[in-house]
Amino acid sequence: MTAKKIFIITGETSGDKHASGVVRELKKINPEVIIEGVGADNLKNQGVKLFCDHSKMGGIGITPKLVIDHLTLGRRIVDYLKNDFKPDIVLLVDYGTFNLAISKFLKKEGFRVFYFIPPQVWASRKWRIKTIKKNIDRVFTIFPFEEKMYEKEGINSTFVGHPLNFELPKKADREEFFTRHNLDKNKRLISVFPGSRMFEIKYLLKIFTGAVKIIEKTCPDVQFVFSHAPNLPESAFSTEYKTIKGENQALLSVSDALILASGTVALEAAMYGTPMIIAYRGPFLFYLIYLMVRSIKNACLVNIITGKDIVKEFLMYDARSDKIAQEIIKLLNDKQYREKHLAGLAQLRFMMGDKHCVEEVAKYINKELKGE
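Residues numbered from 1 in each chain as written. Predicted model: local features only at pLDDT ≥ 70, side-chain atom pairs only at ≥ 80, totals over all residues. Heavy atoms only, no water.

*Asks:* Looking at this model, I keep getting lost on the overall build of the protein chain. Mind explaining?
*Replies:* Of the regular secondary structure elements, the protein chain holds 16 helices and 13 strands. Computed over its C-alpha atoms, the radius of gyration of the protein chain comes to 22 Å, within 12% of the 21 Å expected for a compact globule of 372 residues. By principal-axis analysis of the C-alpha atoms, the protein chain measures approximately 70 × 40 × 40 Å. Burial analysis of the protein chain (372 residues in total) assigns 52% to the buried set. In the protein chain, 63% of the contacts between residues at least 6 apart in sequence involve partners at least 24 apart. In the form shown here, the protein chain has an accessible surface area of approximately 18,200 Å², with 52% of it arising from carbon and sulfur atoms. Charge separation in the protein chain, taken as the distance between the mean sites of 57 positive and 43 negative side-chain charges, equals 4 Å. (Helix = DSSP H or I, 4+ residues; strand = E, 2+ residues; numbered from the N terminus. Rg over C-alpha atoms; globule rule 2.2 N^0.38 Å. Buried < 20%, exposed > 50% of the residue type's maximum accessible area, 1.4 Å probe, protein only. Contact = heavy atoms within 4.5 Å. Areas by Shrake-Rupley, 256 points an atom, 1.4 Å probe, with all protein chains shown as cover. Lys, Arg positive; Asp, Glu negative; His and termini not counted. Charge placed at Lys NZ, Arg CZ, Asp CG, Glu CD.)

Shown next as structure tokens:
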């Protein structure tokens, strides 16, 4: 019997990592499958023959060069798949800008196209769901509410679980962490995450520092640590408070409360069960564009997934030191309020389930290859 073939398209490091997990699990149950794709070292290390790497994929913003690179690469991929490789399934992973565009041409050529970690159409640019409905045969979703959304639109979908379910490290040992970083074990710890991009530091650091100073006056039994994102240079920001670089998850897991720049970090914090607030402020033009394309009112994934206002959100001009400080103090000192917040985070963890997403995707693809 002729071996089945899969072609995988990723566009950046995280997609390459998730795709390699799918390949690893698929080869366990179907060693004969032939897999090629667009990726990087993670896929390559799983024995995937790379059509090309990510050198023509990455870029900041939409530039003429990036558009030309995408068009040229897209044409080459489609021609190769149509004339040479002829895969049974094409698996798109994340990287919506490129993958949604190429899906039109793949579908036109009659390929079966699956999408793992689809664009977050529920958050912004909801019109993209029309492209998904027209060109994607099945979507593998990583958030529980996405499955219902796609099914409502008549799109075949399967909730496979979130990568964090198995990628997030276990909680750090609090006593060991405090000892190693010379923290006071008799004081509660508030950790501050001012962002991983320079413009976030520019807009949020002063606000977060102001909140810390207010809390410090009210709660003498509290200490503070600022997280320095590992991708930022040492000179990215300075503060009078202790900073720790490159230990984000450990810091999230041992803290008593968190002040976070909005992002995936809030979901990580919720998985650890650590109380938090999120805040965000940026250039007004960026915010104006966000208001124009957004599809939902909330910014925090915890609130979006549960459909409840569990984590307080302080966005743009609502992001003020005094408001943030008041909420953190309440989370620290109001026992009933804190318990309600923790119960909300527990609900989030329950809704996320315990599925291993790469295993689920691999099992489904294998069934499709076998015609089951």
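There's plenty left to go through after this.
*Asks:* In this structure, what is going on with the sheet that holds strand β10 (residues 242-245)? I would like to understand it.
*Replies:* Where strands meet in a sheet, backbone hydrogen bonds hold them as pairs that are either parallel or antiparallel. The sheet built from six strands is open, its strands ordered β10-β9-β8-β11-β12-β13 with parallel pairing. This sheet does not close on itself; its edge strands, each paired only once, are β10 and β13 (312-315). Across this sheet, the average inter-strand angle for adjacent strands is 20 degrees, counted without regard to direction. As paired elements, strand β9 (residues 222-228) and β10 share four bridges and run parallel to each other. Following the sheet pairing, S227 is matched in β10 by I244. Relative to the sheet, helix α9 (residues 198-218) contacts β8 (188-193), β9, β11 (257-261) and β12 (276-280), its axis offset from that of β9 by approximately 170 degrees. (Pairing = 2+ DSSP bridges. Axes fitted to C-alpha atoms, helices over the stretch in contact; angles between N-to-C directions.)

*Asks:* Looking at this structure, how should I read the packing of α9 against helix α14 (residues 321-333)?
*Replies:* How two helices sit against one another is set out by the angle between their axes and by the gap between those axes. Contact pair α9 / α14: the axes reach a minimum separation of 8 Å and the direction vectors enclose 45 degrees. Relative to α14, the element α9 lies oblique. By crossing handedness, the relation of α9 to α14 is classed as right-handed. Touching K206, I207, F208, G210, A211, I214, I215 and T218 of α9 are S321, D322, I324, A325, I328 and I329, all from α14. The class makeup of the residues in the contact of α9 with α14 is nine nonpolar, three polar and two charged. (Parallel < 35°, antiparallel > 145°, perpendicular 65-115°, else oblique. Left-handed = near helix turned anticlockwise from the far one by under 90°. Nonpolar A, V, L, I, M, F, W, Y, C, P; charged D, E, K, R; others polar.)

*Asks:* Sorry if this is basic, but what is going on with the pattern of salt bridges here?
*Replies:* A side chain with one charge can pair with a side chain of the opposite charge if their charged atoms come near. Counting across every chain of the model gives 16 salt bridges. A salt bridge links R180 to E247, with the shortest nitrogen-to-oxygen separation between them at 3.1 Å. Separated by 67 residues along the polypeptide, R180 in helix α8 (residues 174-180) and E247 in the loop between β10 and α10 (248-254) bring together distant segments of the chain. With a shortest N-O distance of 3.5 Å, K363 and E360 are connected by a salt bridge. Of this pair, K363 and E360 both sit in helix α16 (residues 357-370), three residues apart, which is roughly one turn of the helix. One salt-bridge network, in which partners are shared between bridges, spans R24, E25 and K28. (Salt bridge = Lys/Arg side-chain N within 4 Å of Asp/Glu carboxyl O.)

*Asks:* I would appreciate a short explanation of the sheet that holds strand β7 (residues 157-159) in the present structure.
*Replies:* The sheet built from seven strands is open, its strands ordered β3-β2-β1-β4-β5-β6-β7 with parallel pairing. Taken across any chain shown, the strands that pair with only one partner, and hence form the sheet edges, are β3 (49-52) and β7. Going from strand to strand, the sheet's axes swing by 20 degrees on average, the running direction of each strand aside. Two elements, strand β5 (residues 113-116) and strand β6 (residues 138-141), share three bridges in a ladder whose sense is parallel. Looking across to β6, one finds that F114 is bridged to R138.

*Asks:* Even after reading the chapter, I still don't get the packing of aromatic side chains, so can you show me in this structure?
*Replies:* Describing an aromatic ring pair means giving the distance of the ring centres and the angle of the ring planes. Considering all chains together, one arrives at 14 aromatic pairs under this definition. Plain terms: the ring middles of Y80 and F85 are 6.1 Å apart, the flat faces sit at 10 degrees to each other, and that makes the pair stacked. In this pair, the class of Y80 matches that of F85, namely buried. Measuring from ring centre to ring centre gives 5.5 Å for F140 and Y364, while their planes differ by 70 degrees; the resulting arrangement is edge-to-face. Taken as a pair, F140 in strand β6 and Y364 in helix α16 lie far apart in primary sequence, 224 residues in all. Classification of Y364 as partly exposed rests on a relative accessible area of 22%. Members of the aromatic cluster, connected to one another through ring pairs, are F7, F51, Y80 and F85. Sitting above the plane of the Y337 ring, K330 keeps its charged end 4.2 Å from the centroid. (Phe/Tyr/Trp six-rings, centres within 6.5 Å; stacked < 30°, edge-to-face > 60°. Lys NZ or Arg CZ within 6 Å of the ring centre and 35° of its normal.)

*Asks:* Please clarify how helix α4 (residues 96-108) should be interpreted in this entry.
*Replies:* For the α-helix, the turn length of 3.6 residues means that residues three or four positions removed from each other point alike. Across its 13 residues, α4 extends 18 Å between first and last C-alpha, which sits within 8% of the 18 Å expected from 1.5 Å per residue. Within the sequence span of α4, burial applies to G96, F98, N99, L100, I102, S103 and L106. (Expected span 1.5 Å × (residues − 1).)

*Asks:* Explain the side chain of E146 to me, please; I cannot follow it from the model alone.
*Replies:* Looking at where E146 falls in the secondary structure, it is placed in helix α6 (residues 144-152). No salt bridge is formed by the buried E146; the nearest opposite charge belongs to R128, separated by 9.2 Å. A polar contact of 3.1 Å, which involves the side chain of E146, links it to the backbone nitrogen of F143. (Polar contact = N/O pair within 3.5 Å; in protein donor to acceptor, adjacent residues only side chain to side chain.)

*Asks:* Sorry, what's going on with the environment of P31 here?
*Replies:* Looking at the secondary structure, you find P31 in the loop between α1 (13-29) and β2 (34-38). Each C-alpha atom of the pair P31 and F199 lies 47 Å from the other, and the pair is 168 residues apart in sequence.

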